[in-house]
Amino acid sequence: MKPLKRPVRRGLLVAHVAVSVSWLGLTVGLLALGITAFATGDPATVEAATRAMQIFGDWLVVPVALLALVSGLVLALGTPWGLARHRWVWTKFWLTLITTGLSVFSLRPGIDAAAAEKAVDINLVIAPSVATATYLFITAISILKPWGLTRRGRRLRFSASSAKSVDERSPRQTA
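Residues numbered from 1 in each chain as written. Predicted model: local features only at pLDDT ≥ 70, side-chain atom pairs only at ≥ 80, totals over all residues. Heavy atoms only, no water.

### A short note on the overall build of the chain
Scanning the chain from terminus to terminus reveals five helices and zero strands. Tracing the chain from N to C terminus, the helices and strands come up as α-α-α-α-α. For the chain, whose C-alpha radius of gyration is 22 Å, the value lies well above the compact-globule estimate of 16 Å for 175 residues. Its C-alpha atoms give the chain principal-axis dimensions of roughly 85 × 30 × 25 Å. A total of 175 residues make up the chain; the buried ones form 33% of that total. The long-range fraction of contacts in the chain, counting pairs at least 24 apart against all pairs at least 6 apart in sequence, stands at 78%. Accessible area of the chain: about 10600 Å², with a carbon and sulfur share of 68%. (Helix = DSSP H or I, 4+ residues; strand = E, 2+ residues; numbered from the N terminus. Rg over C-alpha atoms; globule rule 2.2 N^0.38 Å. Buried < 20%, exposed > 50% of the residue type's maximum accessible area, 1.4 Å probe, protein only. Contact = heavy atoms within 4.5 Å. Areas by Shrake-Rupley, 256 points an atom, 1.4 Å probe, with all protein chains shown as cover.)

### What to know about the packing of helix α3 (residues 87–117) against helix α4 (residues 123–144)
With their axes 10 Å apart at the nearest point, α3 and α4 run at an angle of 160° to one another. Relative to α4, the element α3 lies roughly antiparallel. Here α3 and α4 pass one another in a crossing that is left-handed. Contacts from W88, T91, K92, L95, T96, T99, S103, L107, G110, I111 and A114 in α3 reach L124, A127, T134, Y135, F137, I138, I141 and S142 in α4. For the contact of α3 with α4, a count of residues per class yields 11 nonpolar, seven polar and one charged. (Axes fitted to C-alpha atoms, helices over the stretch in contact; angles between N-to-C directions. Parallel < 35°, antiparallel > 145°, perpendicular 65-115°, else oblique. Left-handed = near helix turned anticlockwise from the far one by under 90°. Nonpolar A, V, L, I, M, F, W, Y, C, P; charged D, E, K, R; others polar.)

### Brief notes about the side chain of T100
Topologically, T100 is positioned in helix α3. In contact with T100, other than residues within four places in its own chain, are W23, A65, L66 and L69.

### Observations concerning the packing of helix α1 (residues 6–39) against α3
Packing of α1 against α3 leaves a shortest axis separation of 14 Å and a crossing angle of 40°. Here α1 is positioned oblique relative to α3, judged by the angle of their axes. The hand of the α1/α3 crossing is left-handed. For the pair α1 and α3, the contacting residues are H16, W23 and L30 in the first and K92, T96, T99, T100, S103, L107 and I111 in the second. Residue composition of the contact of α1 with α3, grouped by class: four nonpolar, five polar and one charged.

### Considering α1
Taking 1.5 Å of rise per residue, 34 residues should cover 50 Å, and α1 covers 49 Å from first to last C-alpha, within 8% of that figure. Within the span of α1, buried status applies to H16, V19, W23, L24, L26, T27, G29, L30, L31, G34 and A37. Residues of α1 that are buried in the fold lie against α2 (43–78), α3 and α4. (Expected span 1.5 Å × (residues − 1).)

### Overview of the pattern of salt bridges
This structure, assessed with the given rule, holds one salt bridge. Residue D58 is joined to R108 by a salt bridge in which the shortest nitrogen-to-oxygen separation is 3.1 Å. A residue pair is termed long-range when its members are at least 10 positions apart, and D58 in helix α2 and R108 in helix α3 qualify at 50 residues. Judged by its relative accessible area of 29%, D58 is partly exposed. (Salt bridge = Lys/Arg side-chain N within 4 Å of Asp/Glu carboxyl O.)

### Description of the nonpolar core
With 21 residues, the main nonpolar core has W23, L30, I111, V120, L124 and Y135 as its most contacted residues. At the level of elements, α1, α2, α3 and α4 are the ones that each hand at least two residues to this core. Sequence-distant contacts of L30, that is, excluding residues within four places in its chain, are made with M53, F56, V61, L107, I111 and P128. In this structure, L69, A76, L83 and I141 belong to the second largest nonpolar core, which totals seven residues. (Core = buried A, V, L, I, M, F, W, Y, C linked by side-chain atoms within 4.5 Å.)

This is the structure:
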């Protein structure tokens, strides 16, 4: 992919961070609603909490998750970080892909079932808890950028440095 121009990259980075933080916030909201519905004995509170979770799940979580995935993928492919050059980027990509899939194929159906039955089991507390921990981990590695290069990243860096040293010697050989 062609490298992104600076204004486009910066705008996309702002959008990616905003969407990712929104995804974290929505998940914390789902966790609070899940705990409320699970812990209360009041049927009206359970119904209100599950209906609110259904709105979050149906209208917000999936589009925000997909936007975070797509914007992160475009950033990875359009910047020198690359998708598979650095372990932290590669880890973020796979965790985002997995959690997006789980949001679409597991969390939403679980919320819909709880809203239909007007009852919540512990899964609607565990799923947002695990998702929140995952998003916090993704945020931490985005800031800290640990672990260095992947094997592919080392190979690309080595080949780039080899090409650079050949280019530097070329003028001397012609003189």
